Amino acid sequence: MMIVEATAPGKAILFGEHSVVYRGPAIVLAIDKRARVLTRERDDDRLFFDAMDLGFSGYFEGDAYQPVTGEAWRGKRLEAFKECARKTLGHIGVEKGLDMTVRSELPIAAGLGSSAALCVATVASVGALFEADLPLEDISTLAYEGEKVVHGTPSGVDNNISTYGGILRYEKDIGFERFELEYEIPFIIGNTRRKRSTKRLVDRVRRLRDREPELVEGIIDSIVSISESGLEALKESDLPRLGDLMNVNHGLLSALGVSISKLDMMVHASRGAGAYGAKLTGAGGGGCMMAFASEPKLEDVYRAIHRCRGDPHLVKVSYEGVKTRRLE
Ligand code: PMV
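Predicted, not measured: the structure shown is a model, and the values here were computed from it.

A. Local environment of unusual backbone geometry. With a phi close to 55 degrees, A109 is a non-glycine residue in the positive phi region. Position of A109 relative to the elements: it lies in the loop between β6 (98-104) and α3 (114-129). The backbone of R193 sits at a positive phi, close to 65 degrees, despite the residue not being glycine. Of note, R193 is situated in the loop between β9 (186-191) and α6 (198-211).

Right, here's the structure in full:
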């Protein structure tokens, strides 16, 4: 029986987290860490999920979930897989049961876009299994339905970057512009291993803005201008400037109250080890930081993050968006 594998990349926000909620761009990189979904048809109409990386397997019969391993209900993420699979089947007009195996190199709730990457891979694998030849735009839109289950009404950055790969400039009410660079940027992501909720952190910034509107508006303006300059520096491969902008951006995010001491330690240790720049990435409050260094310094930065009890990963920008292949 035919099996289809789909993989999709995670992401890291280089500039513009939090400010993008109000105005200006976010600059987002697809990373070479991927989520993977294997799908095959079943003889019955169950949707079976094996997500042992997340600690569960089980199936939906209608809307009722029957656990096989793990807890009875694994909340929104499982609901998101189901939503993506069902919406895709509906979109291509197929009524079948599926066996889906879900694996990921991306930590969950760490700001690296794991849920979007899994949603994108789910949609793509179901589409490819029934030879539907889904356009990328449809894959991204269907994956957004799953993202809504997990995150409410997210900006749509994550499903887009996972679908298309590369570098995106995203701005609310304007949309996406995709870039490719002619040079490679290796960087290091350090995971604090502390899960956090994006929604709660966005709310925290909003409350601070309500209390201190002028102050917070000034910080947002500065982050907006850093994001614009950061994209220029990236295109011009001006790495020292890129590093400076990351450092200032981290300071401003700290000022907004979304850093934690472990992130600060990892950021400062990276700079001390010779990184051009380092900042938290994503919503903050835990999750990940990223550091950017010249090739000879990467090893030192990696070790510095490790010494702070962070979990370092050497990553590259990935220009490969969602990909499918048949495994007969
Ligand atoms: O969920 P994360 O960690 O990728 O962060 C999202 C970025 C924010 O600007 C904080 C929120 C948003 O919706 O843009």
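B. Focus on the packing of α3 against helix α4 (residues 136-151). Relative orientation of the contacting elements α3 and α4 amounts to 135 degrees, with a least axis distance of 8 Å. One way to sum up the angle between α3 and α4 is to call them oblique. Every pair of crossing elements has a handedness; the one defined by α3 and α4 is right-handed. Facing α3, whose interface residues are S115, A116, C119, V120, V123 and A124, α4 presents I139, L142, A143, G146, E147, V150 and H151. Partitioned by chemical class, the residues of the contact of α3 with α4 number nine nonpolar, three polar and one charged.

C. Fine view of the sheet that holds strand β10 (residues 277-281). Read from one edge to the other, the open sheet built from four strands follows the order β10-β11-β9-β12, with strand pairing classed as antiparallel. The sheet is open, and its two edges are formed by β10 and β12 (311-316), each paired on a single side. Sheet twist, expressed as the average angle between the axes of neighbouring strands with direction ignored, equals 25 degrees. Note that β9 and β12 share six bridges and pair antiparallel. Bridged to G190 within β12 is P312.

D. Representation of the domain arrangement of the protein. Its domain assignment divides the protein into domain 1 (3-179 + 318-327) and domain 2 (187-315). For domain 1 and domain 2, the distance between their C-alpha centroids amounts to 26 Å. Tallying the contact residues gives 27 residues for domain 1 and 40 residues for domain 2. If you sort the residues of domain 1 by the area they bury against domain 2, F15, H18 and Y22 come out on top, with a joint share of 26%. Measuring nitrogen to oxygen at the nearest pair gives 2.8 Å for the salt bridge that ties R23 to D221. For the pair domain 1 and domain 2, the interface holds eleven residue pairs in polar contact (both at pLDDT 80 or more). For the side of domain 1 that touches domain 2, the element with the most residues is strand β2 (residues 25-41), which contributes six residues. A breakdown of the residues in the side of domain 1 that touches domain 2 according to their chemical character gives 17 nonpolar, five polar and five charged.

E. A look at the nonpolar core. Within the largest apolar cluster, 98 residues are counted, with the highest numbers of intra-cluster contacts made by L98, F187, I189 and L234. For this core, the domains that each give at least three residues are domain 1 (3-179 + 318-327) and domain 2 (187-315). Filtering out sequence-adjacent residues up to four positions away, L234 remains in contact with L14, I27, L29, I167, L181, Y183, I185 and L242.

Basis of the calculations
Residues numbered from 1 in each chain as written. Predicted model: local features only at pLDDT ≥ 70, side-chain atom pairs only at ≥ 80, totals over all residues. Heavy atoms only, no water. Helix = DSSP H or I, 4+ residues; strand = E, 2+ residues; numbered from the N terminus. Axes fitted to C-alpha atoms, helices over the stretch in contact; angles between N-to-C directions. Parallel < 35°, antiparallel > 145°, perpendicular 65-115°, else oblique. Left-handed = near helix turned anticlockwise from the far one by under 90°. Contact = heavy atoms within 4.5 Å. Nonpolar A, V, L, I, M, F, W, Y, C, P; charged D, E, K, R; others polar. Pairing = 2+ DSSP bridges. Domains from an automatic or database assignment. Buried area = accessible area lost by both parts, 1.4 Å probe. Salt bridge = Lys/Arg side-chain N within 4 Å of Asp/Glu carboxyl O. Polar contact = N/O pair within 3.5 Å; in protein donor to acceptor, adjacent residues only side chain to side chain. Core = buried A, V, L, I, M, F, W, Y, C linked by side-chain atoms within 4.5 Å. Buried < 20%, exposed > 50% of the residue type's maximum accessible area, 1.4 Å probe, protein only.

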